[in-house]
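Chain residues, written in single-letter form:
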Amino acid sequence: MKERFIGNYGLEQVGQKVTAKGWVANIRNHGKLAFIELRDREGLLQVFVNSDIADFDKLHDLHKESILAVTGEIVARDERFVNPHLKSGQVELRAEKIEVIASSKTLPFELDNHAHAGEEIRQKYRYLDLRREKMTANLKLRHQVTKTIRDYLNQADFIDVETPYLTKSTPEGARDFLVPSRVFKNQFYALPQSPQMLKQLLMGAGLERYYQIVRCFRDEDLRGDRQPEFTQVDLEMSFVSEEDVRNLVEGMLKAVVKASRGVELTEDFPIISYEQAMRRFGSDKPDTRFAMELKDLTELSRGNSSLFLQKGLKKDNGAVMGICAKNAGKAFTNRQMAALKQLVMDFGVAGFATATIADGQVTGSLKSTFKDHNAELLDRFEAEDGDVIFFVTGSLKRVQEALGALRVRLAKDLDLIDDSKLNFLWVVDWPLLEWNDDLGRYQAMHHPFTQGAFEDGSDWKENPEKMMSRAYDIVLNGYEIGGGSLRIHERSTQETMFELLGMKKEDYERDFGFFLEALEYGFPPHGGLALGLDRLVMILAGEENIREVIAFPKNGQGADAMLESPSSVSDQQLADLRLDLRD
Ligand code: ASP
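For clarity, every value in this text was computed on a predicted model and none was experimentally measured.

Draft legend 1. Just the packing of aromatic side chains, in detail. Counted by the stated rule, this structure contains 15 aromatic pairs. Connected via pairs of aromatic rings, a cluster forms that spans Phe449, Phe498, Tyr508, Phe512, Phe514 and Phe515. Here the guanidinium or amino end of Arg94 rests over the ring plane of Phe48, the centre of that ring lying 4.9 Å away.

Okay, here's the thing in structure tokens:
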């Protein structure tokens, strides 16, 4: 075993005779002498090779990424040659003996950090890709984050319990991955979308505080921040309030930021209601690193005869809203503006218009529309000459969502985002249910085990969509990094919930009978949360795709290019499972 990683050699080792083992990151052979950059997981070490040593010839046809064992003395570099970018930059190794431990073929792509290798080739040779400094750093960061989380939760008396992967469908709202059973004819396991019911049952088992860093599986369309299998920091606690859960998670995230970024977050995370988040930012996961808040112009537009405004106001729950981009008057070409319009219109809104401010006036097609409200409008947006106001009309929710997306896009295009910021935020007071047009029924906004908030004593069957829930989401820089809720812990309430979701008694008895029964044996009040570990690490690493922080991720289609998975199986395997394949 290595006593020390070679990337960590420094002045303390000067004068020592060592054997450094590592990969050849680079080699510069000048004929009479050569420099090798030897790398291990902790970094690079410069090796100086004089042609007078016997092994010099071994360098002639040495490919990059071969592994060497170089024996020699560590010497201090001359001050002129100190490399401040390397941990080992003050020293170098003077080679006396070189042994080639393993040679490498010519590489399929350059591992240089700046080289732009295609996604597919990087995946196919993931073990090479992971040798890149940035990728190794991402894996180390991930390790540090999970270690901090484990330390924090262990100290807070949580018990780490594993739950099965071959399990039964849990209603998190995505499609299940199914595994056919060989033993039980025509029956399937489902891979867990989360350990939701099991962690609740652990509360029923009296564990009081559970956590698990666990893989979850959801068969849904992939995006940059989604993978078919992903990791959650899953936790559940008994006898708690929402505030207890939030405080615990907030403390944990602060510890993670301290350990990974060296930054002490001292302020409490802001708490905002779902309704306010939609109203102010047009998003249930607002990015608060920049302002550009939405302004509601509905009242101001009511009596206005402009067709543009009236068309939107006529819609169900019609609204007129806008955002103001500072100094953006000259920022966009016509083509770019057309693309922004498309982005907005794709949300199904009624209308979109822009107005540049000049000489303290709205200019362009909306000039006359707002002539009587010019000052008020400018005041509301704090708009000045050179700014652009984007107006959107239509049904409130669509207008909000469209402007929310436009807001984020403008912030990126106009470079308004300070990348060094970590803006955490709690979103609370969610509706319990939302109507799903396709299904023709309500669906749970979080999941069906979430408690409703009925402080006013109203009957929750009377006005289901008005019911609020005891759920909370944690947001970081515009990403939902986690969510949870206080749970239902009485059988009758849980049954009512299933009924509201359109389930018949025989359906929920069949699918959730075991769970409902458990609630009848002294089940404690409880609540919890799950954090998306991949997303959290992605943000901390400054990456934009969770693949960059997962050792062996799937590609955009959900396939593994290295393992060539998914793949077909033998007829015998199919026969064992009694499966016939259709085209
Ligand atoms: N199981 C939930 C989810 O995966 C999290 C929770 O409610 O604890 O989103």
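Read on, since the account is not over.
Draft legend 2. Just the layout of surface pockets, in detail. If you add up the space inside the second largest pocket, you get close to 910 Å³. For the lining of the second largest pocket, the secondary-structure elements that each account for two or more residues are strand 1 (17-29), strand 2 (33-40), strand 3 (43-50) and helix 3 (133-155). In terms of residue count, helix 3 provides more of the lining of the second largest pocket than any other element does, seven residues in total.

Draft legend 3. Examining the sheet that holds strand 10 (residues 229-238) more closely. Ordered by their spatial adjacency, eight strands build an open sheet running 6-9-10-24-23-22-17-11, and the pairing between neighbours is mixed. Since the sheet does not close on itself, it has two edges, and those belong to strand 6 (159-160) and strand 11 (271-273), each with one partner. Here strand 10 runs beside strand 24 (residues 526-532); their pairing, made up of seven bridges, is antiparallel. What sits directly across from Leu235, in strand 24, is Leu529. Together, strand 9 (209-217), strand 10 and strand 24 form the strand contacts of helix 4 (residues 196-204), whose direction differs from that of strand 10 by roughly 25 degrees. Sitting on the sheet, helix 6 (residues 274-281) is in contact with strand 11 and strand 17 (424-428), with an inclination near 85 degrees to strand 11.

Draft legend 4. Layout of the site of the ligand. Gln196, Lys199, His446, His447 and Arg487 are the nearest of the 13 residues found near the ligand. At 3.2 Å, a side-chain N or O of Ser194 approaches a nitrogen atom of the ligand. Here an oxygen atom of the ligand and a side-chain polar atom of Arg218 are 2.9 Å apart. In the complex, the protein chains occlude 92% of the 270 Å² of accessible area that the ligand would expose alone. Counting residues per element, the ones that place at least two in the shell around the ligand are helix 4, strand 23 (479-486) and strand 24. Split by residue class, the shell around the ligand holds two nonpolar, seven polar and four charged.

Draft legend 5. Examining a positive patch on the surface more closely. A cluster of like positive charges, contributed by Lys311, Lys314, Lys315, Lys341 and Arg398, occupies part of the molecular surface. Looking at the secondary structure, you find Lys315 in the loop between helix 8 (307-313) and strand 13 (318-325).

Draft legend 6. Focus on the packing of helix 6 against helix 11 (residues 396-413). At a minimum axis separation of 8 Å, helix 6 and helix 11 run at an interaxial angle of 65 degrees. Where helix 6 abuts helix 11, its residues Tyr274, Met278, Arg279 and Phe281 lie against Leu396, Lys397, Gln400, Glu401, Gly404 and Arg407. Taken together, the residues of the contact of helix 6 with helix 11 sort by class into four nonpolar, two polar and four charged.

Rules of the game
Residues numbered from 1 in each chain as written. Predicted model: local features only at pLDDT ≥ 70, side-chain atom pairs only at ≥ 80, totals over all residues. Heavy atoms only, no water. Phe/Tyr/Trp six-rings, centres within 6.5 Å; stacked < 30°, edge-to-face > 60°. Lys NZ or Arg CZ within 6 Å of the ring centre and 35° of its normal. 1 Å grid on protein atoms, 1.4 Å probe; cavity = no way out; pocket = protein on both sides within 12 Å on 5 of 7 lines; lining within 4 Å. Points joined across faces, edges and corners; volume = space filled by probe spheres on them. Helix = DSSP H or I, 4+ residues; strand = E, 2+ residues; numbered from the N terminus. Pairing = 2+ DSSP bridges. Contact = heavy atoms within 4.5 Å. Axes fitted to C-alpha atoms, helices over the stretch in contact; angles between N-to-C directions. Near = heavy atom within 4 Å. Polar contact = N/O pair within 3.5 Å; in protein donor to acceptor, adjacent residues only side chain to side chain. Areas by Shrake-Rupley, 256 points an atom, 1.4 Å probe, with all protein chains shown as cover. Nonpolar A, V, L, I, M, F, W, Y, C, P; charged D, E, K, R; others polar. Patch = residues over 30% accessible without salt bridge, like charges linked within 9 Å, V, L, I, M, F, W, Y side chains within 5 Å. Salt bridge = Lys/Arg side-chain N within 4 Å of Asp/Glu carboxyl O. Lys, Arg positive; Asp, Glu negative; His and termini not counted. Charge placed at Lys NZ, Arg CZ, Asp CG, Glu CD.

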